[in-house]
Amino acid sequence: MHKADIVTILEDIAVLLELKGDNPFKIRAYLSGARALETMEEDLDELIARGNLGAVQGIGTALVDKIETLHATGELEYYSKLRASISPGLIEMLEIPGLGGKKVKRLHDAIGIDTIADLQAACQEGRVESLKGFGKKSAEKILSGIINRASYAKRHLWWKAAEIAKPILENLRRLPEVERAEVAGSLRRLRETVGDIDFIVASSNAAPIMEWFTSQASVCEVTAHGSTKSSVRFENGLQADIRVVSSEQFAFALHHFTGSKEHNVALRQRALSRGYSLSEWGLQPKEGAAVPLISSEAELFEFLGLAEILPELREGMGELDAGEARILPKLVTAQDIRGVFHNHTTASDGRATISEMASAAQHLGFDYIGLADHSKASFQANGLDDVRVLKMVDAVNQFNQSGESPVHVFAGIECDILPNGTLDLEDATLDALDYTVVSVHSSFTQSKAEMTARVIRAIEHPATTMLGHPSGRLLLRREGYQIDIHKIIDAAIANQVIIEINANPHRLDLDWRYWRRAAERGLICAINPDAHSTEGLEYFRAGLNIARKGWLNTSQILNCRSAKAVQQWFKVRR
Ligand code: DGT
Ligand code: CA
Ligand code: CA
Ligand code: ZN
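An account of the accompanying structure is given in this report. One numbering rule holds for all chains: residues counted from 1, following each sequence as written. As they are written, the chains are lettered A onward and the ligands numbered 1 onward, keeping that order. Side-chain atom pairs in this predicted model are given and counted only at pLDDT of 80 or more, local residue features only at pLDDT of at least 70, and totals for whole chains, interfaces and linings cover all residues. The basis for the side-chain values is all heavy atoms of the structure; hydrogens and waters are excluded.

**A look at helix α10 (residues 158-174)**
Since the α-helix turns once every 3.6 residues, residues separated by three or four places project in the same direction. Heads up, the condition is: Labels follow the DSSP assignment, with helices taken as runs of H or I lasting at least four residues and strands as runs of E lasting at least two, numbered in each case from the N terminus. To estimate how far a helix should reach, multiply one less than its number of residues by 1.5 Å. Exposure classes here rest on a 1.4 Å probe applied to the protein chains alone. A residue is buried below 20% of its type maximum, exposed above 50%, and partly exposed in between.
With 17 residues, α10 extends 24 Å from end C-alpha to end C-alpha; this agrees with the ideal 24 Å at 1.5 Å per step. Every buried residue of α10 is accounted for by Trp 158, Trp 159, Ala 161, Ala 162, Ala 165, Ile 168, Leu 169 and Leu 172.

**A closer look at the site of ligand 1**
Our working rule: To be near a molecule or strand, a residue needs just one of its heavy atoms within 4 Å of it. Definition of a polar contact: a pair of N or O atoms within 3.5 Å, with one able to donate and the other able to accept a hydrogen when the atoms are protein atoms, and with sequence-neighbouring residues admitted only if both atoms are side-chain atoms. Residue exposure ignores everything except the shown protein chains as possible cover, and the areas themselves are Shrake-Rupley values with a 1.4 Å probe. Each residue gets one of three labels, nonpolar for Ala, Val, Leu, Ile, Met, Phe, Trp, Tyr, Cys and Pro, charged for Asp, Glu, Lys and Arg, and polar for the others, Gly among them. Segmentation of the chain into domains, including their bounds, is taken from an automatic or database domain assignment.
Not every one of the 15 residues close to ligand 1 is listed here, only the nearest: Arg 155, Ser 186, Arg 189, Gly 195 and Asp 196. Interatomic distance of 3.1 Å between a side-chain N/O atom of Asp 198 and an oxygen atom of ligand 1. Considered on its own, ligand 1 offers 590 Å² of accessible surface; in the complex 67% of this is hidden by protein. Those elements that place two or more of their residues in the shell around ligand 1 are α11 (185-188), β4 (196-202), α13 (250-258) and α14 (261-273). No other element matches α13, which puts three residues into the shell around ligand 1. The residue inventory of the shell around ligand 1, partitioned by class, reads two nonpolar, eight polar and five charged. No fewer than three residues from each of domain 2 (156-245) and domain 3 (255-324) sit in the shell around ligand 1.

**What to know about unusual backbone geometry**
Glycine aside, negative phi is the norm for most residues, and most peptide bonds take the trans geometry. Going from Gly 259 to Ser 260, the amide bond is cis rather than trans, its omega being -5°. Looking at the secondary structure, you find Ser 260 in the loop between α13 and α14. Within the chain, Asn 382 stands out as a residue other than glycine whose phi angle is a positive 60°. By the element assignment, Asn 382 lies in the loop between β11 (368-374) and α18 (386-402). Using a relative accessible area of 27% as the deciding quantity, one classes Asn 382 as partly exposed. Unusually for a residue other than glycine, Ser 443 sits at a positive phi of about 45°. With respect to the element layout, Ser 443 can be found in the loop between β13 (435-439) and α20 (448-460). What makes Ser 443 partly exposed here is its relative accessible area of 33%.

**Observations regarding the side chain of Arg 188**
Structurally, Arg 188 can be placed in helix α11. Owing to a relative accessible area of 18%, Arg 188 belongs among the buried residues under this scheme. One polar contact links Arg 188 to Thr 258, side chain to side chain, over a distance of 2.9 Å.

**Here's the deal with the coordination of the zinc ion (ligand 4)**
Formally: Donors, by definition, are the N, O and S atoms found within 2.8 Å of a metal, the threshold being 3.2 Å for Na, K and Ca, and water is not counted, so a site can look incomplete.
Donor atoms from the polypeptide that bind the zinc ion (ligand 4) are Glu 414 (OE), His 441 (NE2) and His 469 (NE2), placed at 2.0 to 2.3 Å. Counting gaps between the donor residues of the zinc ion (ligand 4) yields the pattern E-x26-H-x27-H. Of this pair, His 441 sits in the loop between β13 and α20 while His 469 sits in the loop between β14 (466-467) and α21 (485-494), placing them 28 residues apart in sequence. Each member of the pair His 441 and His 469 is classed as buried.

**A look at the sheet that holds strand β5 (residues 219-225)**
Heads up, the rule is: Here the rule is simple: two strands pair whenever DSSP picks up at least two bridges between them. Helix axes are fitted to C-alpha atoms over the stretch in contact, other axes to C-alpha atoms as well, and angles between N-to-C directions run from 0 to 180 degrees. Working rule for contacts: check all heavy atoms of both residues, and any pair within 4.5 Å makes them a contact.
Here we have five strands laid out as an open sheet, ordered β2-β4-β7-β6-β5, and mixed in their pairing. Taken across any chain shown, the strands that pair with only one partner, and hence form the sheet edges, are β2 (180-184) and β5. Looking at each pair of strands side by side, their axes are set apart by 20° on average, direction ignored. Direction of pairing for β4 relative to strand β7 (residues 239-245): parallel, over a ladder of seven bridges. Residue Val 201 lies in a different strand from β7, and its bridge partner there is Val 244. Packing against the sheet, α13 makes contact with β2, β4 and β7, and its axis sits at approximately 15° to β2.

**A look at the coordination of the calcium ion (ligand 3)**
At the metal site, the calcium ion (ligand 3) is ligated by Asp 196 (OD), Asp 196 (OD), Asp 198 (OD) and Asp 241 (OD), and these contacts range over 2.3 to 2.7 Å. Within one chain, the residues donating to the calcium ion (ligand 3) are spaced in sequence as D-x1-D-x42-D. A separation of 3.7 Å is found between the calcium ion (ligand 3) and the calcium ion (ligand 2), which share Asp 196 as a coordinating residue. Taken together, the residues Asp 198 in strand β4 and Asp 241 in strand β7 connect sequence positions 43 residues apart. The buried category is assigned to Asp 198, whose relative accessible area is 9%.

**Observations regarding a negative patch on the surface**
Keep this limit in mind: Each patch is built from residues lacking any salt bridge and having more than 30% relative accessible area; the joining distance is 9 Å for like charges and 5 Å for nonpolar side chains (Val, Leu, Ile, Met, Phe, Trp, Tyr). Every case where a carboxyl oxygen of Asp or Glu lies within 4 Å of a side-chain nitrogen of Lys or Arg is listed as a salt bridge. Just so you know, the count uses Lys and Arg for positive and Asp and Glu for negative, and it drops His and the chain ends. The atom standing in for a charge is NZ when the residue is Lys, CZ when it is Arg, CG when it is Asp and CD when it is Glu.
A cluster of like negative charges, contributed by Asp 43, Asp 45, Glu 46 and Glu 356, occupies part of the molecular surface. The topology assignment puts Glu 356 in helix α17 (residues 354-363).

**As for the pairing of strand β15 (residues 498-502)**
Put simply, the rule reads: Handedness of a crossover is defined as follows: orient the strands so they point away from the viewer, and if the path from the first strand over the helix to the second runs clockwise, the crossover is right-handed.
Within β15, five of the five residues are buried, which leaves the element mostly enclosed by the surrounding structure. Side-chain alternation along β15 places Ile 498, Glu 500 and Asn 502 on one buried face and Ile 499 and Ile 501 on a second face that is also buried. Direction of pairing for β14 relative to β15: parallel, over a ladder of two bridges. Looking at the pairing, Met 466 lines up with Ile 498 of β15. Regarding the hand of the β-α-β motif, the stretch spanning β14, α21 and β15 is right-handed. Of the pairings in the sheet, the one linking β15 to strand β16 (residues 525-528) comprises four bridges and is parallel in character. Residue pairing in the sheet places Glu 500 in a bridge with Ala 526 of β16. The parallel pair β15 and β16 is bridged by helix α22 (residues 512-520), and the resulting crossover is right-handed.

**A few points about the state of the cysteines**
Put simply, the rule is: In this description, a disulfide is simply a cysteine sulfur pair whose atoms lie within 2.5 Å.
Within the structure shown, the criterion is met by zero disulfides. The structure places no disulfide on Cys 525, whose sulfur is separated from the nearest cysteine sulfur, that of Cys 560, by 8.6 Å. Judged by relative accessible area, Cys 525 falls into the buried class, the value being 0%.

Right under this line is the structure:
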């Protein structure tokens, strides 16, 4: 088992012990063990091999055994027994934002709450707000957390759904009966979340395909099993539909089931105005005209007088007009990306060093990587104070000069925007950096006017290069803070400040819906993986999806510029 997963389990044990009301010293031992493991610089494999784990400060003797067992076997009896000893309803309650072990225990002990349903009723009846340590505000927050959770449970992150769909599609294409196979629906349109996965297959022999699809090892429930249509559910609750059609019908079915509904309605209307009725089955001429032969979506669009509209643009947001005028954007691809900017290292809360991040960037084919660790106000993320920032700049300079890597490292910071809109570091410190990402990590409950003024003040700071995750949302977990995004975009354009697409699959923030208009008005985008490990750099692909979905071309994206041109941008802005 990897270090990161062991850290998560140790933290989990601490929460569960809290929930049981166990000894606070024991709980603290797990938390500080998790912290020590997470931030230590030595390699875990080596430490364990040398039998030296106990020498790490913060890892007590009781933890050494458990960490070694997890590392070797991926399992820990103590942990599974602990989990099993607590009623599942209480464990589920921990998923509600703002509820930790202690609070769940209080709710259980004081008013006998065992399930989320109990808790919802108690909030609605005012029994939670009168509890010591809760209050009206926290009861409201719990209630909205419960309601969000119910509506979120129906959708899934694009990244997760894509991971599940990929091997299924590959395996489908290997079946001898399958002529063509594609995913359709929201997954193909690169939406940020996905309700269910849709597969479309061309074949003249559907039965074996239905059989294979419904009997995959990962399927936990078959919700429909027909002769050409089936649906299944996987363990994590995600569902998938499959439809088999003839090869003549394939392009029409693929287009139809890719959607969106809005796009389909508009395209049908266009077909009708030209004397054809369009459906998932094909094109029917109204009166006796010839039926065209169409075997791809591109041919379908062409037949209707349009340039090919790629799936991610099919949202009913003006793509037909642009397709008719032949002014659809040339969308950015992974090959266009030359580097990424917002990433964390072991200096704050990341898990990899400068050198490890640079070498991971090299593997991805990047020319440069920007580092941007947290600033001191994010103390929970081990943020850097002015002295540590300057040390970091030195470390980056040394790394660049060492010639160790062909990847150039830009020294940046993710500087907290303080509640009043000032920045968390001295101007002189910021001036020593290549660039500054500014982000909100605190006082989320400010009014819309306060939050908007706060962020605009930060945008106006001369050291600011880019704005991080502007809405603060966590998809399927929490809504963003109140903020007037249009005013933020205006201020960014006016001050030549870039806005990021935070590419963490839970964020994808700034949302794709704003980008087309904003970029037309001059806003520059940076695709920022916000990686906290070398693997996290891969998230740039999710950000790329959003840039494509936002109609962006390479000239509107900083990541598509050379290291030299990026350096120049950083200087001009100052
Ligand atoms: P999802 O699954 O909620 O993330 O979103 P989609 O877009 O994948 O929706 P889904 O799976 O219900 O259906 C796939 C596509 O099929 C949808 O994007 C458009 C097409 N479609 C489904 N129902 C209708 C409909 O009633 N009218 C039209 N025009 N198209 C439909
Ligand atoms: Ca779908
Ligand atoms: Ca579906
Ligand atoms: Zn951040």
